[in-house]
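Summary of structural features
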Amino acid sequence: MAITWRVRVLAGLVCSAPMLAQAQAADAWTFRLTPYVWGSSTEGSFAHARLPVTVNTSKSFRDSLEELDAGAMGAFEARRGRHGLLLDGQFAKLSTTVQVPVAGAALPVRLKTRTTSGLLAWRYGLLERDATHLDLVAGVRVWSARVRLAYAAPVPTPPVPQQYSGEQSHRWVDAQVGVKGRHGFGNGVFVGGWVLAGTGESDLSTDLMLLAGYDINERLAVIAGYRRLSTDFETGGGFRFDTTMQGPGLGLEYRF
């Protein structure tokens with residue numbers, strides 16, 4: 001009887017081993033790291049506190065790329081079952097000259113911006129299939145913007161100072177929610193993207209990404225996409241950063 005009992009237990013363990021292995025595999029952490037080079041253009045309205053000049057820039061994508069000093073973005077994702085964590089960051093630096101109408105004349109203003117944005121978010125799998133997933137995303141985005149304005153008017157133009165050169169920066173936080181998804185076609189090709197929107201210290205901030213990729217192997221994929229990131233932030237003192245950054249990106253995705 002003792003031998004029969006042991007044989008039954010052993011047989012049960014052998015039969016349940018594949019199911020246990022599958023359960024552990026489904027419950028294991030998986031990670032994705034994706035750095036990008038981002039060709040971002042920047043357009044919008046910029047102002048300094050207590051300076052009665054608003055700089056508006058809207059240029060073609062080609063001109064904006066020529067004035068882009070640096071642009072990059074990257075994402076890190078950790079997933080376990082339906083739950084996970086998403087970290088996402090962007091950086092863009094721009095230098096340009098904008099013609100600002102002052103007293104009936106065009107005043108050339110040198111504009112330099114440096115923008116950093118980071119998202120910390122929780123994701124929940126609304127749809128989980130082999131080739132398709134759709135996630136609910138909710139988190140907090142932190143913005144940091146530095147704006148430098150400089151000009152020298154040939155004649156006095158009250159109430160605008162005849163000369164000005166200064167740099168001001170602010171940080172603010174917004175809550176954002178949205179969806180994120182991906183679909184694979186079974187031949188290594190996949191498409192995906194996300195759309196997020198929210199508010200907080202800014203009036204509105206949005207994030208839209210469309211991407212396509214190809215799996216080089218099980219761990220590595222190449223990705224190309226287009227991203228549009230915007231924010232509308234203004235302080236009571238007069239600092240304004242109402243801008244849209246958008247452009248193509250090229251990156252590598254590493255899974256482990």
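See above for the structure.
As the structure is a prediction and not an experimental result, all values here were calculated from the model.

1. Overview of the pattern of salt bridges
Following the criterion strictly, the structure yields 14 salt bridges and no others. With a shortest N-O distance of 3.5 Å, R79 and E128 are connected by a salt bridge. Of this pair, R79 sits in strand β4 (residues 68-80) while E128 is found in strand β6 (residues 105-128), placing the two residues 49 residues apart along the sequence. According to the relative accessible area criterion, R79 is buried, its value standing at 10%. We classify E128 as partly exposed; its relative accessible area is 33%.

2. Let's talk about the environment of A145
Inspection of the secondary structure puts A145 in strand β7 (residues 132-152). For A145, the residues in contact, after removing those within four places along its chain, are R114, Q168, S169, H170, W172, F239 and F241.

3. A few points about the pairing of strand β3 (residues 54-57)
A one-sided burial pattern is seen for β3, the buried positions being V55 and T57 and the unburied ones T54 and N56. As paired elements, strand β2 (residues 41-47) and β3 share four bridges and run antiparallel to each other. Bridge pairing links S45 to N56 in β3. In this structure, the hairpin formed by β2 and β3 is closed by a connection of six residues, where R50 is found at a positive phi of approximately 65 degrees.

Reading the values: the criteria
Residues numbered from 1 in each chain as written. Predicted model: local features only at pLDDT ≥ 70, side-chain atom pairs only at ≥ 80, totals over all residues. Heavy atoms only, no water. Salt bridge = Lys/Arg side-chain N within 4 Å of Asp/Glu carboxyl O. Helix = DSSP H or I, 4+ residues; strand = E, 2+ residues; numbered from the N terminus. Buried < 20%, exposed > 50% of the residue type's maximum accessible area, 1.4 Å probe, protein only. Contact = heavy atoms within 4.5 Å. Pairing = 2+ DSSP bridges.

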